[in-house]
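Topology and contacts: notes
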Amino acid sequence: VDSLPGAGRGTSLTGAPLALVVDDDLAIRLLVTRILERRGLRVDAACDGVEAVERIASAAYSVIVLDLMMPRLDGTGVMKYLAQYHPAQLELVVVMSAYGAAAADRMFPFRTRFIEKPFEVATLLREVGLCVDAASRAATEQGDESPS
Amino acid sequence: VSLVTSHTLPIVTVLVRQSKDWIGARQRAQIIAASLGFSLQDQTRTSTAVSEIARNAFEYAQGGKVEFLAETGMPQSLLVRISDQGPGIVELDLILAGRYRSPHGMGIGITGSRTLMDEFAVDTRIGKGTTVELRKFLPRSAPRITPEVLGAMATALSRRPVDPLEEAQHYNQELLLTLEELNRVNRELQAANETKDLFLATVSHELRTPMTAILGWLQMLALPTVGESMRAEGMKAIESAARVQARLVEDVLEAAKVQSGKVHLELTDLDLREVIESMWSALLPAVSAKSLLIGKSIADGALPIRGDRTRLQQILWNLVTNAIKFTPEQGTITVSATTGGGHVSVAVTDSGEGITEELLPHVFERFRQGENSRKHGGLGLGLAIVTHLVELHGGTISATSEGPGKGACFTLRFPLRA
């Protein structure tokens, strides 16, 4: 975990990318949180879609790790919310589900990064890393465009 | 072996001497079955079974007779006795065991007829003859067999001539009905199959979830630089996930046991109040994770029933944990118990998510979960297991809900011990 690409890129704690972990299973929520923290990210956690939407409305995340099957509002609901209000964030989502990719595809109309539970820690970090890179590229481009 | 009981009235006897006679026997079986109130499907089953055995008597024993008898004791039934004085059936045991193979299709009539009827008895003596008795129970909705019913039947039987063309048309219609029935059964099987597929997907999802926590945390704990607090956190997560997984496996095994009828109760005289109280004390720690208002209201005096203490606890635990699962924070859950009308009733009422009108009639079926409940996790087996255990106690379970968001109430009813 410590030697994965992107680890220790030298961001200060406050400047570290911000991640959102959404899962109704406490053990998994905590696991993903700790994995990402070790990777140098700041992490918020939400235990269902409703909490996730509240978080997303008030912070810009570099990556959202999203479970599908959750009470109150499920992963599909969160994606629908993103598609409507924060379409750029759709690319920064890693869906993780204990349904296989095929079954998840059937239930889930969005094309996103997808990892199947149970996952290898390295796989999770690779997908998260790609999102974080995309987010920072987007931020840089935006910075270039606006001459401030 | 004979299926005859003491309340037997003769309807008609048909002699089988020519090939057209077994067709006549079939036709009469059809008329009799119809007058007795059998469904179209059962009329066909009965007339087919009768004609197969009558044809056997004609082909292998040069004829015999078919007696139709009404059995008026409850439950009412139609009894058909087909007897001949032929050579007897040498291979009967093999035929009945389904192991007899004949190039001419011999034996198929016997095994086929047996599956079409409710009861089947055959008595064969080598060199002396064979008697086959077939019984079909009347549907519960059928009227009592009275002399008037038999009189009307006699008129119908005397009126109808054997017309081969008409008979062929009739067979055709029966065949069509049978095909329709086959299609219906096929559709039912397909639906059952889909439910099973969905269940398998659910089981795999539910088992993979704790497995994710276990495998992930093990990978984390294997890292060289894990601090003491994270190690403790990880161990706790692994333990709780492993327990979840063990419980899931337990539920699947329990459901399989229930399904195959292998659950046996250890019945004792007990007071259901004690069972509720002991479940209650085990419940409080489970509720503390969520802020819910839970209460109980139990009528004064004993709640005497006959039951299996462990299983009753399992039933109550299941209903209450279900209520906890589907009731959001700040909600209420009430357990109440009363006696009356020869029953002890226990109701578990919650202010939770409720049950949709469409799901309500199906909540006790195996694998059934609402779209909403699936998102809460679980296998959809709990209520099916509970229902079976309640029924083993001679009790009933029912569910009511005003609809989504309006809570639900599950009511158990056990016979009051005298």
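Report on the accompanying structure. Remember, it's a predicted structure, so these values are computed and weren't measured experimentally. (Residues numbered from 1 in each chain as written. Chains lettered and ligands numbered in written order. Predicted model: local features only at pLDDT ≥ 70, side-chain atom pairs only at ≥ 80, totals over all residues. Heavy atoms only, no water.)

What follows deals with the overall build of chain B. Counting secondary structure elements, chain B contains eleven helices and twelve strands. Relative to its full complement of 418 residues, chain B shows a buried share of 44%. Taking the contacts inside chain B whose residues are at least 6 apart along the sequence as the reference set, 72% of them involve residues at least 24 apart. Counting only carbon and sulfur atoms, one obtains 55% of the accessible surface of chain B, whose full area is about 21,900 Å². (Helix = DSSP H or I, 4+ residues; strand = E, 2+ residues; numbered from the N terminus. Buried < 20%, exposed > 50% of the residue type's maximum accessible area, 1.4 Å probe, protein only. Contact = heavy atoms within 4.5 Å. Areas by Shrake-Rupley, 256 points an atom, 1.4 Å probe, with all protein chains shown as cover.)

Each partner contributes to the interface: chain B provides 23 residues, whereas chain A provides 24 residues. Of the roughly 2,300 Å² buried between chain B and chain A on both sides combined, carbon and sulfur atoms contribute 64%. As a salt-bridge pair, Glu233 of chain B and Arg34 of chain A come within 2.6 Å of each other at their nearest N and O atoms. Between chain B and chain A we count seven residue pairs in polar contact (both at pLDDT 80 or more) in total. Listed by contribution, the elements that provide at least two residues to the side of chain B that touches chain A are α6 (164–221) and α7 (228–259) of chain B. With 14 residues, α6 of chain B is the single largest residue contributor to the side of chain B that touches chain A. (Buried area = accessible area lost by both parts, 1.4 Å probe. Salt bridge = Lys/Arg side-chain N within 4 Å of Asp/Glu carboxyl O. Polar contact = N/O pair within 3.5 Å; in protein donor to acceptor, adjacent residues only side chain to side chain.)

With that out of the way, let us pick up unusual backbone geometry. The residue after Lys117 of chain A, namely Pro118 of chain A, is reached through a cis peptide bond having omega -5°. Residue position: Pro118 of chain A is located in the loop between β5 (113–116) and α5 (121–145). The linkage connecting Met74 of chain B with the following residue, Pro75 of chain B, adopts the cis geometry, with an omega of -5°. Secondary-structure assignment places Pro75 of chain B in the loop between β2 (64–71) and β3 (77–84). A positive phi angle is found at Gln62 of chain B, which is not glycine, with a value near 55°. Mapping Gln62 of chain B onto the fold places it in the loop between α2 (40–61) and β2.

Moving on to the layout of surface pockets. Residues and elements named next belong to chain A. Estimated volume of the second largest pocket: approximately 410 Å³. Considering the residues around the second largest pocket, the lining is formed by 18 residues, among which Ala88, Leu92, Ala134, Ala135 and Ala138 are closest to the centre. Sorting elements by how many residues they give to the lining of the second largest pocket places α5 first, with eight residues. Taken together, the residues that form the lining of the second largest pocket break down as eight nonpolar, five polar and five charged. (1 Å grid on protein atoms, 1.4 Å probe; cavity = no way out; pocket = protein on both sides within 12 Å on 5 of 7 lines; lining within 4 Å. Points joined across faces, edges and corners; volume = space filled by probe spheres on them. Nonpolar A, V, L, I, M, F, W, Y, C, P; charged D, E, K, R; others polar.)

The next thing to look at is the pattern of salt bridges. Residues and elements named next belong to chain B. All chains considered together, the criterion is met by 28 salt bridges over all chains. Ionic pairing is found between Asp42 and Lys136, a salt bridge with its closest N-O pair at 3.5 Å. Remark: Lys136 occurs in strand β5 (residues 129–137) and Asp42 occurs in helix α2; sequence separation between them is 94 residues. One exposure class covers both Asp42 and Lys136, and it is buried.

Residue and element names in this part refer to chain B. One finds Leu272, Ile276, Leu312, Leu319, Val346, Phe410 and Leu412 to be the most contacted residues of the largest nonpolar core, which totals 49 residues. The residues touching Ile276, leaving out its near neighbours within four places in the chain, are Ile298, Leu303, Leu316, Val335, Ala337 and Val346. Counting 36 residues, the second largest nonpolar core, distinct from the first, contains Ala57, Val66, Phe120 and Leu157. (Core = buried A, V, L, I, M, F, W, Y, C linked by side-chain atoms within 4.5 Å.)

In the case of a regular strand, side chains alternate between the two sheet surfaces. All names here are of chain B. Taking burial as the measure, the eight residues of β2 include seven buried ones, the bulk of the element. Here eight bridges tie strand β1 (residues 8–16) to β2, and the two strands are oriented antiparallel to one another. Looking across to β2, one finds that Thr8 is bridged to Glu71. For β2 and β3, the ladder comprises eight bridges, and the chain directions are antiparallel. Note on β3: the bridge partner recorded for Glu67 is Arg81. Here β2 hands over to β3 after five residues, the two strands then running antiparallel side by side. (Pairing = 2+ DSSP bridges.)

On to the packing of aromatic side chains, then. Counting across every chain of the model gives two aromatic pairs over all chains. Ring centres of Tyr81 of chain A and Tyr85 of chain A lie 5.2 Å apart, and the angle between their planes is 40°; this geometry places the pair in the tilted category. Of this pair, Tyr81 of chain A and Tyr85 of chain A both sit in helix α3 (residues 75–85), four residues apart, roughly one helical turn. Tyr81 of chain A gets classed as buried once you look at its relative accessible area, which sits at 16%. Note on Phe364 of chain B and Phe410 of chain B: the rings are 6.1 Å apart at their centroids and 85° apart in plane angle, and the pair reads as edge-to-face. Highlighted residues: Phe364 of chain B in the loop between β10 (343–350) and α10 (371–374) and Phe410 of chain B in strand β12 (residues 408–415), separated in sequence by 46 residues. The pair formed by Phe364 of chain B and Phe410 of chain B is uniform in burial state, with each residue classed as buried. Here Arg55 of chain B stacks its cationic end above the ring of Trp22 of chain B, 5.7 Å away from the centre of that ring. (Phe/Tyr/Trp six-rings, centres within 6.5 Å; stacked < 30°, edge-to-face > 60°. Lys NZ or Arg CZ within 6 Å of the ring centre and 35° of its normal.)

This part is about the sheet that holds strand β11 (residues 396–401) of chain B. Residue and element names in this part refer to chain B. In space, the five strands of this open sheet follow the order β7-β9-β10-β12-β11, with mixed pairing throughout. The two strands at the open ends of the sheet, each matched to only one other strand, are β7 (293–298) and β11. On average, each strand axis in the sheet is tilted by 15° relative to the strand beside it, whichever way the strands run. The pairing of β11 with β12 spans six bridges and is antiparallel. Counterpart to Ala399 in the pairing with β12 is Phe410. Packed on one face of the sheet, helix α8 (residues 272–287) meets β7, β9 (332–340), β10 and β12 and runs near 175° to β7. (Axes fitted to C-alpha atoms, helices over the stretch in contact; angles between N-to-C directions.)

On to the sheet that holds strand β1 (residues 18–22) of chain A, then. Backbone hydrogen bonds hold the strands of a sheet together, and the pairing may be parallel or antiparallel. Residues and elements named next belong to chain A. Spatially, β2-β1-β3-β4-β5 is the arrangement adopted by the five strands of the open sheet, whose pairing is parallel. Each of the sheet's edge strands pairs with one partner strand only, and the pair in question is β2 (42–46) and β5. Across the sheet, the axes of successive neighbouring strands diverge by a mean angle of 20°, strand direction being ignored. Each of β1, β2, β3 (63–67) and β4 (93–97) touches helix α1 (residues 26–38); the most contacted strand, β2, lies at about 170° to it. Along the sheet, α3 makes contact with β3 and β4, crossing β3 at roughly 145°.

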